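Chain and residue survey
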Amino acid sequence: MKDSLLGSLKTLRLSGLSRTLEVRLQEARANGLSHEEFLELILQDELVIRRERRIERRTKAARFRGLKTLEDFDWTFNPSIKRKDIYDLAAGHFIREARDVLFIGPPGVGKSHLAQAIAYEAIKMDQTVFYRSIFDVVRDFMRDEAFAGEDKTLQKYLKPDLLLIDDMGLKALPERSGEYLFEVIMRRYENRSTIMTSNRPIEEWGKLIGDVPAATAILDRFLHHAHIIAITGRSYRLKDQALKENACALEQKGM
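An account of the accompanying structure is given in this report. (Residues numbered from 1 in each chain as written. Predicted model: local features only at pLDDT ≥ 70, side-chain atom pairs only at ≥ 80, totals over all residues. Heavy atoms only, no water.)

Over the atoms a probe the size of a water molecule is rolled, and this reveals where empty space is left. Of the voids in this model, the second largest pocket is the one considered here, and its volume is about 160 Å³. Forming the boundary of the second largest pocket are Arg58, Ala61, Ala62, Gln127, Thr128, Val129, Phe130, Lys156, Lys159 and Pro160. By residue class, the composition of the lining of the second largest pocket is five nonpolar, two polar and three charged. (1 Å grid on protein atoms, 1.4 Å probe; cavity = no way out; pocket = protein on both sides within 12 Å on 5 of 7 lines; lining within 4 Å. Points joined across faces, edges and corners; volume = space filled by probe spheres on them. Nonpolar A, V, L, I, M, F, W, Y, C, P; charged D, E, K, R; others polar.)

Structure below.
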């Protein structure tokens, strides 16, 4: 393949096409492909590469704690989780309808994994996503408020098609947390979708954020159009720890 051709592809920013062109040329010669068939093949290659790169960029921008997928989830450990409900959410209809989702249940039952997996599916459907723990949310606003950058921070939370706020209920939040969270939820209400995970019942949110009126206002808007996924059962992390301890015990017995 001529260097001039590769140079032209680079100039046109068709680097994805250049990666497969040699193989496609050989395929076209071997199979006698028409010009139209050959052109369709190489354009599809470019589109596939561009989509993969777009997903990679948006996944990085989402700032997930770690990449979680539905394929990696252990559905057998907790059969009470309705797989159909999760996959319905993963189809993204709730995002197009600007509805919200609340995962609620004790620590370790898979709330964060499923929430992040659904968000990753949204990215694959060309949606923008932003992930933060509730503690990140509060820190972002407290820090930028001190430097007069609160409006810029708010826009960062309002712009994504899907916002994921994780870890509500792990511990009490600092003063004014309710104000920050209310501002985000109020502005996104019926405009953009939000997923939240909570380890504590919603009746305790007022105590957690130290502001009962703010908690009431947050829940009034957030739950209005929300899908609520309540999960019970044992902790995945404790299961893994138990397996490690058993393996160590068996290893010691064999020594």
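Past the structure itself, the notes keep going.
Moving on, we come to the packing of helix α2 (residues 15-31) against helix α3 (residues 35-62). Running from N to C, α2 and α3 point in directions that differ by 150 degrees, and their axes come no closer than 9 Å. The angle between α2 and α3 places the two elements in the roughly antiparallel class. By crossing handedness, the relation of α2 to α3 is classed as right-handed. When α2 is examined against α3, the residues Ser15, Gly16, Leu17, Arg19, Thr20, Leu21, Arg24, Leu25, Glu27 and Ala28 are found in contact with a partner set consisting of Phe38, Leu41, Ile42, Asp45, Glu46, Ile49 and Arg53. For the contact of α2 with α3, a count of residues per class yields eight nonpolar, three polar and six charged. (Axes fitted to C-alpha atoms, helices over the stretch in contact; angles between N-to-C directions. Helix = DSSP H or I, 4+ residues; strand = E, 2+ residues; numbered from the N terminus. Parallel < 35°, antiparallel > 145°, perpendicular 65-115°, else oblique. Left-handed = near helix turned anticlockwise from the far one by under 90°. Contact = heavy atoms within 4.5 Å.)

This part covers helix α4 (residues 83-90). Along α4, the positions that sit buried rather than exposed are Ile86, Leu89 and Ala90. Taken end-on, α4 shows its buried residues confined to a sector of 105 degrees, consistent with a single buried face. Close packing links the buried residues of α4 with α5 (93-96), β1 (101-104), α6 (111-124) and β5 (227-230). Where α4 ends, the next residue or the one after it, Gly92, has phi of about 90 degrees, a positive value. (Buried < 20%, exposed > 50% of the residue type's maximum accessible area, 1.4 Å probe, protein only. Arc of directions from axis to C-beta.)

This next bit is on the packing of aromatic side chains. Under the counting rule described, the total for this entry stands at six aromatic pairs. Taken together, a centroid distance of 4.8 Å and an interplanar angle of 70 degrees make the contact between Phe73 and Trp75 edge-to-face. Taken individually, Phe73 and Trp75 each receive the classification buried, so the pair is uniform in this respect. Between Phe141 and Tyr180, the ring centres sit 5.4 Å apart and the planes meet at 15 degrees, which makes this aromatic pair stacked. Here Tyr180 lies in helix α9 (residues 177-188) and Phe141 lies in helix α7 (residues 134-146), a separation of 39 residues in the sequence. There is no split in this pair, since Phe141 and Tyr180 are both buried. An aromatic cluster of at least three residues, connected via ring pairs, comprises Phe130, Phe141, Tyr157 and Tyr180. Over the face of the ring belonging to Phe135 we find Lys171, whose NZ or CZ atom lies 5.4 Å from the ring centre. (Phe/Tyr/Trp six-rings, centres within 6.5 Å; stacked < 30°, edge-to-face > 60°. Lys NZ or Arg CZ within 6 Å of the ring centre and 35° of its normal.)

In this section: the pairing of strand β3 (residues 162-168). The side chains of a regular strand alternate, first on one face of the sheet and then on the other. Of all seven residues making up β3, seven are buried, and the element is well covered by its neighbours. Inspection of the sheet shows strand β2 (residues 129-133) paired to β3 by five bridges, in the parallel sense. If you follow Tyr131 over to β3, its bridge partner there is Leu164. When β3 meets strand β4 (residues 193-198), the two strands line up parallel, connected through five bridges. Counted as the bridge partner of Leu163 is Thr194 from β4. For the crossover from β3 across α9 to β4, the handedness is right-handed. (Pairing = 2+ DSSP bridges. Right-handed = clockwise from strand over helix to strand, strands pointing away.)

These values are about where atoms sit, not about what they do.
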